[in-house]
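Structural overview
Here is how the chains run, residue by residue.
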Protein chains: 4
Amino acid sequence: MDKTFIKMIENVELTEPIFIEALPGLGHVGKLVAEHMIHELGAEKFAELYSPSFPPQVFVGEDGTIEPMKNEFYFLKSQGETERDYIILVGNTQGLSPEGQYEICGKIIDFVSGYGVKEIYTLGGLGTGQAVETPKVFGAATTVELAKMLEDHEVTLRSADGGIIGASGLLLGLGMAKGMNGVCLMGETPGYFIDADASKAVLTVLLEILKIEIDIAKLEERAEETRKMISKAQQMEKEVSERMNIVPGEEDLRYIG
Amino acid sequence: MDKTFIKMIENVELTEPIFIEALPGLGHVGKLVAEHMIHELGAEKFAELYSPSFPPQVFVGEDGTIEPMKNEFYFLKSQGETERDYIILVGNTQGLSPEGQYEICGKIIDFVSGYGVKEIYTLGGLGTGQAVETPKVFGAATTVELAKMLEDHEVTLRSADGGIIGASGLLLGLGMAKGMNGVCLMGETPGYFIDADASKAVLTVLLEILKIEIDIAKLEERAEETRKMISKAQQMEKEVSERMNIVPGEEDLRYIG
Amino acid sequence: MDKTFIKMIENVELTEPIFIEALPGLGHVGKLVAEHMIHELGAEKFAELYSPSFPPQVFVGEDGTIEPMKNEFYFLKSQGETERDYIILVGNTQGLSPEGQYEICGKIIDFVSGYGVKEIYTLGGLGTGQAVETPKVFGAATTVELAKMLEDHEVTLRSADGGIIGASGLLLGLGMAKGMNGVCLMGETPGYFIDADASKAVLTVLLEILKIEIDIAKLEERAEETRKMISKAQQMEKEVSERMNIVPGEEDLRYIG
Amino acid sequence: MDKTFIKMIENVELTEPIFIEALPGLGHVGKLVAEHMIHELGAEKFAELYSPSFPPQVFVGEDGTIEPMKNEFYFLKSQGETERDYIILVGNTQGLSPEGQYEICGKIIDFVSGYGVKEIYTLGGLGTGQAVETPKVFGAATTVELAKMLEDHEVTLRSADGGIIGASGLLLGLGMAKGMNGVCLMGETPGYFIDADASKAVLTVLLEILKIEIDIAKLEERAEETRKMISKAQQMEKEVSERMNIVPGEEDLRYIG
């Protein structure tokens, strides 16, 4: 496996789909939003992406079963007022190297452009490093018009702030080269834990823009489950970081030389 | 040499072989188990794997002779009750980069799948960072059924623990994509030394599952020899780490610029 | 996107163009010089370079709009006494990995050599780590003759100083292999801020060599604007570095495993 | 430039050449030995190797002229008792990444094997981290016979010492796969400076093995010149390391974000 590839699960026909990206990031803000939409609106998975630039590992689920590192494409038929469908991208990781990020995001843009995507929403968290009363939603856009649109929805524009790192930024940048437009929504978060409040803030703005209605209350429950999973994971952190220290080969180098 | 490749040593016919991976890792738990099986059961080497993602170095043996970095495939004719043969993978290193790990493990899965492998056992150590009375054996599996099977053998399931890093995890993840199933067995170890006790615990469970009988006592002797070799290596560690600091080029950069 | 590529914006015919490189570096000395020339002399953009070795991110402008990472080629019709035209290279980043730097600079040299470039000027800053009264201009050249020419212009030759790192050095090195010659001009700078003084010093020497006249005073104003932009960026630094800590995937590794 | 390549300077016919490698490493022990042989015996350069895995920079010489990063192949007609010729490899750097090291060393082995090389000598330093009275020469070999031969020449065999890192080890490892044999000679050195004493020790053993005679005294003078060059370089170190901190792109990330 030396190239990123996409594995089709179901062939679907989509009408001018809107592309929503929510790969894991700070506070899992975007991931939580997308997972909530997927469950509440009954989106279906139709493709998976695998990459040699993902971390060389697997995750282990509650029941002791193994889950490979992957990104997952869900589709959703038209919601709310429009006739347009949706493609939602979630996953358990992003690429590790810069080259990997470009290869993966390039593949993703090519893939969704094949479905006629012209509009992109990328979701993430923005770390303030301190406690947050009521989380703001920060944003950026590919055009001045879309930036204005964000301000109309009480989104604070991020200006000259050193950019947007990872898939949330890169997908918009690469999409522009293919004539796609879009925005990035970032929920203000301390970033130290699964942040349901930041997710709620982002989801509220997103639904308002997309004119979709979902029960947001349930988001808190979902966040709760995730928190349990994570806190458990954190107990394991020390030991895991130890294993990280013995990255294959290096560990050899360390004690054999 | 810019691609991972496998060098055949002997052409063999194998019957529904079971694949056992034990590349170097924490406490050399898996390596010790596999080496013991290879010696006790008289497995024969039939292929070697070389990769540009291995550390750019060679090892030097007791007699001053040079040994390249490589992974080695051994085969073993049917043992115990079943008619099935075995492929055992050992080596002196793993890939350094994530991309390298994926390329190498992908090649390995393609290779063993060519022999009809449907079942994988990956062996390793799990670092607790503290002394261990009687080492537990932790495990994970590709299916709920196999996870249950592990529990029947007193294996503690690892759940939501941040995954399995390196070949032991990746081979199972990539194997799943090819319809293979399997489990990972990890011996609890402080991880600071060659841990024969953890290896014994893992070997006991593995033999029980595979219904094979071997004299486990000899494992302790083998561990002893390895310890001698290692402690010697550790004296050299300081000097080696110095040489590591002068990774080619960097060293140039450091003192010429 | 897994290869560096150049996107043409306008097809131009150029006469024995001189190539001037000023990608971002210490104190933004070169960048400031090139941007000043572009504005004062009315250079036009005719091509853009994109690379998977650029940082996996986008920048966000004052108005909240997104700007992809890229290098930009401007051309300028003959100035001053000569009949020769100019190609000026600026951008918002350089490649991250050594391999990336070589791939990008190789593409750049091939590209400009297609326009008949035989002469290269690369511009940058040289960090002294301490305050500078009146910044010196340091230089190096591909030939002894050009080195002498630099001394005639009061440029201090850098000898045995550990080389020139990044595009400013590599473009000259790769150009030599294609029979191009050139010099590197480095303005002495503490390097802690946008250094208009160092830029002025470099620009003065460059214009003198190229026998071009520009109002240098305006450079200070331009530097002022840039400073505003940067200081704002620096406020954001802490938060950004936090996001850097959660480089995709790693962040996963950190808290899930 | 995205592949390592070799540029021919002169076509030569060589008789069963012996290959001697001395790329930069600890204390520049090997480099000094090879440069001395090249000058004393009048070896001629016939090929150069360039690689995208070299550091992305150029060096600047005493006269302010630029020198690209490269490895250089010299040839030498038969010396002393034998009819056999020599290929000597020197350079100003080695590859930075593991993959790069493998690609470069693989190309080198293919290249010299084209000239019928069957015997390899790699030269380097071995860091003790403390002052050395009379430097020992350590060694390793591809066969037990060659290891014995080294002991006959008072070379101390390195056993289980964690291997030989970089080109000196890798060339022997990759050569073995092509049926070449050889030894690595490492001069004991604190490694903090250009170590002429360690070089003398290695050169003495090498000449003894190859039955060649050279005036060794001159080595001290050559080391002296090199020391001057280096100490000058070291003054520049601080500033250079600063520039290193602003590796292209990263520097962008640091202050723009």
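Residues numbered from 1 in each chain as written. Chains lettered and ligands numbered in written order. Predicted model: local features only at pLDDT ≥ 70, side-chain atom pairs only at ≥ 80, totals over all residues. Heavy atoms only, no water.

Taking an unreviewed UniProt entry as the reference, chain A is identified by name as Proteasome assembly chaperone family protein belonging to Methanobacterium paludis.

Of regular secondary structure, chain A possesses 8 helices and 12 strands. Put simply, chain A has 257 residues, and 66% of those count as buried. For chain A, the proportion of contacts with a sequence separation of at least 24, taken over those separated by at least 6, is 77%. (Helix = DSSP H or I, 4+ residues; strand = E, 2+ residues; numbered from the N terminus. Buried < 20%, exposed > 50% of the residue type's maximum accessible area, 1.4 Å probe, protein only. Contact = heavy atoms within 4.5 Å.)

Now for the sheet that holds strand β11 (residues 164-165) of chain C. The strand order across the open sheet formed by 3 strands is β11(C)-β4(D)-β5(D), and the pairing between neighbours is antiparallel. Edge positions in the sheet fall to β11 of chain C together with β5 (66-68) of chain D, since each of these pairs with one other strand and no more. The pairing of strand β4 (residues 57-60) of chain D with β5 of chain D spans 3 bridges and is antiparallel. Paired with Val60 of chain D across the strands is Ile66 of chain D, a residue of β5 of chain D. (Pairing = 2+ DSSP bridges.)

Time to look at the pairing of strand β2 (residues 18-21) of chain B. Residue and element names in this part refer to chain B. Burial of the side chains of β2 extends over both faces: Ile18 and Ile20 are buried on one face and Phe19 and Glu21 on the other. Pairing analysis gives 4 bridges linking β2 to strand β7 (residues 86-91), with the strands arranged parallel. From the neighbouring strand, Ile18 faces β7, where its bridge partner is Tyr86. Bridge count between β2 and strand β8 (residues 119-127): 4 bridges; the pairing is parallel. Considered in β8, the bridge of Glu21 is made with Thr122.

To continue, consider the nonpolar core. Ranked by size, the top nonpolar core spans 158 residues in total, and within it Phe19 and Phe73 of chain A, Phe73 of chain B, Phe73 of chain C together with Phe19 and Phe73 of chain D carry the most contacts. The contact partners of Phe19 of chain D, leaving out residues within four places of it in the chain, are Phe73, Ile87, Leu89, Ile108, Val112, Val117, Glu119, Ile120, Tyr121 and Leu171 of chain D. (Core = buried A, V, L, I, M, F, W, Y, C linked by side-chain atoms within 4.5 Å.)

A separate point is the sheet that holds strand β5 (residues 66-68) of chain A. Read from one edge to the other, the open sheet built from 3 strands follows the order β5(A)-β4(A)-β11(B), with strand pairing classed as antiparallel. Taken across any chain shown, the strands that pair with only one partner, and hence form the sheet edges, are β5 of chain A together with β11 (164-165) of chain B.

This part is about the packing of aromatic side chains. Scanning the model with the defined rule gives 28 aromatic pairs over all chains in all. Aromatic pair Phe5 of chain C and Tyr50 of chain C: ring centres 5.6 Å apart, planes at 25 degrees, arrangement stacked. One end of the pair, Phe5 of chain C, is in strand β1 (residues 5-8); the other, Tyr50 of chain C, is in strand β3 (residues 44-50), and 45 residues separate them in sequence. Take Tyr50 of chain C: its relative accessible area is 14%, and that puts it in the buried class. On the numbers, 5.6 Å between centres and 85 degrees between planes, the contact of Phe46 of chain C with Tyr115 of chain C is edge-to-face. With Phe46 of chain C in strand β3 and Tyr115 of chain C in the loop between α2 (98-113) and β8 (119-127), this pair connects stretches of sequence that are 69 residues apart. Across the pair, exposure class does not vary: Phe46 of chain C and Tyr115 of chain C are buried alike. When the ring centre of Phe138 of chain A is taken as reference, the NZ or CZ atom of Arg158 of chain A above it lies at 4.7 Å. (Phe/Tyr/Trp six-rings, centres within 6.5 Å; stacked < 30°, edge-to-face > 60°. Lys NZ or Arg CZ within 6 Å of the ring centre and 35° of its normal.)

A few words now on the side chain of Lys31 of chain B. For Lys31 of chain B, the position within the fold is in helix α1 (residues 29-41). Setting aside anything within four residues of it in sequence, one finds Lys31 of chain B in contact with Ala22, Pro24 and Gly91 of chain B.

Let's shift gears to the pattern of salt bridges. One pass over the structure, following the stated rule, counts 40 salt bridges over all chains. When the shortest N-O distance is used, the salt bridge between Lys45 of chain B and Glu48 of chain B registers 2.7 Å. The class for Lys45 of chain B is partly exposed, based on a relative accessible area of 24%. Relative accessible area serves as the criterion here: at 6%, Glu48 of chain B is assigned to the buried category. In this structure, a network of salt bridges that share partners links the residues Lys45, Glu48, Lys70 and Glu72 of chain A. (Salt bridge = Lys/Arg side-chain N within 4 Å of Asp/Glu carboxyl O.)

So, on to helix α4 (residues 167-176) of chain B. Counting along an α-helix, one turn takes 3.6 residues, and residues three or four places apart therefore face a common direction. Among the 10 residues that make up α4 of chain B, 9 are buried, leaving the element largely enclosed by the rest of the structure. Residues of α4 of chain B that are buried include every one of Ala167, Ser168, Gly169, Leu170, Leu171, Leu172, Gly173, Leu174 and Gly175 of chain B, and no others.

On the surface, Glu151, Asp152, Glu154 and Glu208 of chain A cluster together into a patch of negative charge. Judged by its relative accessible area of 42%, Glu208 of chain A is partly exposed. (Patch = residues over 30% accessible without salt bridge, like charges linked within 9 Å, V, L, I, M, F, W, Y side chains within 5 Å. Areas by Shrake-Rupley, 256 points an atom, 1.4 Å probe, with all protein chains shown as cover. Lys, Arg positive; Asp, Glu negative; His and termini not counted. Charge placed at Lys NZ, Arg CZ, Asp CG, Glu CD.)

On to the packing of α2 of chain C against helix α4 (residues 167-176) of chain C. All names here are of chain C. One way to put it is that α2 packs onto α4 with a least axis distance of 9 Å and a crossing angle of 55 degrees. The orientation of α2 with respect to α4, classified from their angle, is oblique. Taken as a pair, α2 and α4 cross one another with a handedness that is right-handed. Contacts from Gln101, Tyr102, Cys105, Gly106, Ile108 and Ile109 of α2 reach α4 at Ala167, Leu170, Leu171, Leu174 and Gly175. When grouped by side-chain class, the residues that make up the contact of α2 with α4 number 8 nonpolar, 3 polar and no charged. (Axes fitted to C-alpha atoms, helices over the stretch in contact; angles between N-to-C directions. Parallel < 35°, antiparallel > 145°, perpendicular 65-115°, else oblique. Left-handed = near helix turned anticlockwise from the far one by under 90°. Nonpolar A, V, L, I, M, F, W, Y, C, P; charged D, E, K, R; others polar.)

Turning our attention to helix α1 (residues 29-41) of chain A. Residues and elements named next belong to chain A. Its 13 residues give α1 an end-to-end C-alpha distance of 18 Å, which sits within 8% of 18 Å, the value for a rise of 1.5 Å per residue. Counted residue by residue, α1 has 10 buried out of 13 residues, so it is predominantly covered. Those residues of α1 that fall on the buried side of the exposure criterion are Val29, Gly30, Lys31, Leu32, Val33, Ala34, His36, Met37, Ile38 and Leu41. Gly42 sits one or two residues past α1 and shows a positive phi near 65 degrees. (Expected span 1.5 Å × (residues − 1).)

As a further point, take the state of the cysteines. Under the defined criterion, the tally for this structure stands at 0 disulfides over all chains. Cys184 of chain B forms no disulfide, and the closest cysteine sulfur to it belongs to Cys105 of chain B, at a distance of 12 Å. (Disulfide = S-S within 2.5 Å.)

All names here are of chain D. At a minimum axis distance of 8 Å, the contact between helix α1 (residues 29-41) and helix α5 (residues 196-210) shows a crossing angle of 60 degrees. By the angle between their directions, the pair α1 and α5 is classed as oblique. Of the two possible hands of crossing, α1 and α5 adopt the one that is right-handed. Together, Val29, Leu32, Val33, His36 and Met37 of α1 and Ala196, Ala198, Ser199, Val202, Leu203 and Leu206 of α5 make up the contact between the two elements. In terms of residue class, the contact of α1 with α5 is made up of 9 nonpolar, 2 polar and no charged.

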